[in-house]
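So you can see what is in the structure, the chains are spelled out below.
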Amino acid sequence: MNAVPQPLVEDLALWNALPGMAMRVSADGELLQANSAFAERMPDAAESLGTRWLDALTPPSRRDLLTALARRDDFALRVETIPEFDTRSLGLTARWLAPLGHCLCLLHDVTELREAEQAARTRAELLRLLADNVPALLAYYESDTMRCVYANSRYAETFGMDGRSIVGRTFGEVIGDEAERRIRPQVDRVLQQRLPAAYERELATPDGTRYIEVNLLPHLEEAGRAIGCFVLISDISKHRLAEIALRESEERLAKFMQASAEGIVFHKDGFVTDANPPALALIGYTLPEILGCKTLDFIAPDHVAKVASVIASGQETAYESVLMDKHGQRIPVEFIVRTMVRNGERMRMTIVRDLRDRHAAQARIHHLAHHDTLTGLPNRSAFMEHLDHLMAGARDGSSQLALLFIDLDHFKRVNDSLGHLVGDTLLRTVAARITASLRATDIVARFGGDEFMVLLPSISQRADVDEVAQKLLQAIEAPVHAEGRPLSVTASAGVALFPQDGPSAQTLIKHADTAMYLAKARGRAQYRFFDPAMASSAYAALVMEGELAHALERGEFELHFQPQVSARDGSIVGAEALIRWHHPTRGLLPPGEFIPVAEQQRLMLPIGQWVLREAARCAGRWHAMGLAVAPVAVNLSTMQFQSASFSDAVAQVLREEGVDGHLIEVELTERMLMDDLAEVGGKLEKLAELGIRVSVDDFGTGYSSLGHLKELPIDKMKIDRSFVKDLPGNRGSTAITRAIIQMARSLGITAIAEGVETEAQRSFLALNGCDELQGDLISKPLPAAEFEAWVRTRRSLRIP
């Protein structure tokens, strides 16, 4: 280490007399000399020369100092000492003495200055934090240039800037030239007259228009000159929007009062303050006549107490009451009461709703709810109320009630053939005739469709009921003139007596219904009294209905097939599929045992579809086997044929089973051809398009006409067994049979006779030109496997 020249004694005295710490330091931080002030402040660091004194500095300060010394130039910086020294922060100014190769450094204590600066920064940060979080916009502009010196974050962000970018911008640059021109008079007032100014304006923002209140405050120097302007902006959107909403609400209310079709009355402390025209028109007064009057003066006396109670309670509610108009007439009304502020005053608003039309409508609704709209008779629900009431009075046993369930026979035909208008006319006429035939104490109701109920109270003997029933059926049968033509219908009726035929209304009606269906089954146009045997029969039908519903799921149905042969040579020309039911307890049942129940309960649709599919499956299998048994005939039920999706259902079966239509023949009854000719014809045409043949079953027993037959695509007509069984001995049957065969030949239709059981019948039919035969003489209906064996045997014996 190079020796440092020692200063003269006079220089040393001057060195130590310096008013502050001084030292000489080499470029690598070695302490070469320190004055007494340095030694006093940092005795440990000044004890020995060298680099040990650097340990008194914090590592960052030591690093910064050595970096500055290494540059061998003048510099100034602040260094921090480690906590052991009282002097915590030192300001160091260095002069590089190039000839001597070291730095002369002066140090002074800046600890208090640093703490003061830190405190000032802390206060400034707190002030900025406070300014940025107060619910207001703050800014300061200097007066000469009107440039922004300070703005809190809310102010800057409101005008699309931040706290730094807004500083230095002019007032116009911040708020826009147009806004600056509008408020310039306010700014001039602040700067020139040195007076505060306040104003409100709208401010467009990305979130919509805001309403602000601006306060401008002058910043005055001691001489009184304005050197700046404080800006304080408050967002008053909430209050202004509330005021606007209130104003608009009051305007709407005023318009609503004038435009409303319902009466509106304002009253305060029980006195009328306003009313709209509908309210005035309702009670017949003018507005001047009712202003200031007590609201209770317009209330019916028997309702005053209720209205007064509502007014006193102040509750918001709705209730019915009665007004008195100017002429003393009572007006039923509904009051809807609300409390509200209008024109700055708290008052009550009452909507007055006229209930006269509603009450009339309710009366009408009540009538409609209890009466049939077509006939004006009581309906089902009203009748049940009468029945329950009269049954309760008759339970003491002093008298009987008779319940007649009346149903028109074949009424659907009237609707289908003549239209619903004629049907409605007929129903109204029947209702009037039944009513005219009864006593004033008797009750008649329309139960639905073409069903009527008659209740005869105070019946002492059964003969009285007989007389009434006969009288009613005769009255209904009388011709009705509809569309210029006489029209007659008959009716069937069932009678049940209370209390012997049932303890409840439901039971009594059920038994009368059962008796009515028995009357229909016995030929219609008659009446029957209920007896317990009918209930047993009805129960058996109910049980069978349940069993039928599961028969398909359990696979209990089976098809038997009866051959159809040529009358000329006996060759097989087809077969008829006949359903059988393997009943779990009753054994094999023919269709007559269960089909009527299935038809009544709408089970024929799924059963008929099963028969069609199974027959198609068998026909397809036999065709593939080369048995040539085609077509296979399937009987259609009325319900199945009348189904809207009938044609599609048949096509679906053929498609899914992969069977050609020429392998299938469908049999329809004459009655099914009597419905809408256009609709029937359309369905038969679709069957013909599928290749399916159509046969008319039981021909000669129905009501079809030659006109129907020649217009429909019919391939075969079947002579009913009722004619065949009397052949050849009965003259009537032979005549009818010959006529049917001749008719079929004339129309180009195949004639087939069913129920052929004797050789004499076969011979007669063959000789008279019948084309095909079917019956037990040829073969009884056989299960599929036996039928296949029968066909093979016949072929093996070379029977044609």
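Attention in this report is confined to the structure presented alongside it. (Residues numbered from 1 in each chain as written. Predicted model: local features only at pLDDT ≥ 70, side-chain atom pairs only at ≥ 80, totals over all residues. Heavy atoms only, no water.)

For the protein, the count of helices and strands is 29 helices and 32 strands. The C-alpha atoms of the protein give 57 Å as radius of gyration, which overshoots the globular expectation for 800 residues (28 Å, by more than 25%). In terms of principal-axis extent, the alpha carbons of the protein reach across some 180 × 95 × 55 Å. The contacts in the protein between residues at least 6 apart in sequence include a share of 53% that link residues at least 24 apart. Of the roughly 41,500 Å² of accessible surface on the protein, 53% is carried by carbon and sulfur atoms. Charge centroids of the protein, computed over 87 positive and 108 negative side chains, lie 3 Å from each other. (Helix = DSSP H or I, 4+ residues; strand = E, 2+ residues; numbered from the N terminus. Rg over C-alpha atoms; globule rule 2.2 N^0.38 Å. Contact = heavy atoms within 4.5 Å. Areas by Shrake-Rupley, 256 points an atom, 1.4 Å probe, with all protein chains shown as cover. Lys, Arg positive; Asp, Glu negative; His and termini not counted. Charge placed at Lys NZ, Arg CZ, Asp CG, Glu CD.)

Positionally, Lys718 belongs in strand 29 (residues 716-719). A polar contact of 2.8 Å, which involves the side chain of Lys718, links it to the side chain of Glu667. (Polar contact = N/O pair within 3.5 Å; in protein donor to acceptor, adjacent residues only side chain to side chain.)

The subject of this paragraph is the sheet that holds strand 21 (residues 491-498). The 5 strands lie next to each other as 17-18-16-21-22, forming an open sheet whose pairing is mixed. Where the open sheet ends on each side, the last strands, each with one partner, are strand 17 (443-448) and strand 22 (527-529). Here the average twist between neighbouring strands, direction ignored, is 20°. By the bridge criterion, 3 bridges tie strand 21 to strand 22 in an arrangement that is parallel. Paired with Val495 across the bridge in strand 22 is Phe529. Each of strand 16 (400-408), strand 17, strand 18 (451-459) and strand 21 touches helix 14 (residues 380-394); the most contacted strand, strand 17, lies at about 135° to it. (Pairing = 2+ DSSP bridges. Axes fitted to C-alpha atoms, helices over the stretch in contact; angles between N-to-C directions.)

Read across the open sheet, the 5 strands follow the order 7-6-10-9-8; overall the sheet is antiparallel. One side of each edge strand has no neighbouring strand; the edge strands of this open sheet are strand 7 (148-151) and strand 8 (197-205). Within this sheet the neighbouring strands show an average axis-to-axis angle of 25°, counted without direction. Running at roughly 155° to strand 8, helix 8 (residues 177-193) makes contact with strand 8, strand 9 (208-220) and strand 10 (226-235) of the sheet.

Limitation: the analysis is restricted to geometry and does not speak to function.
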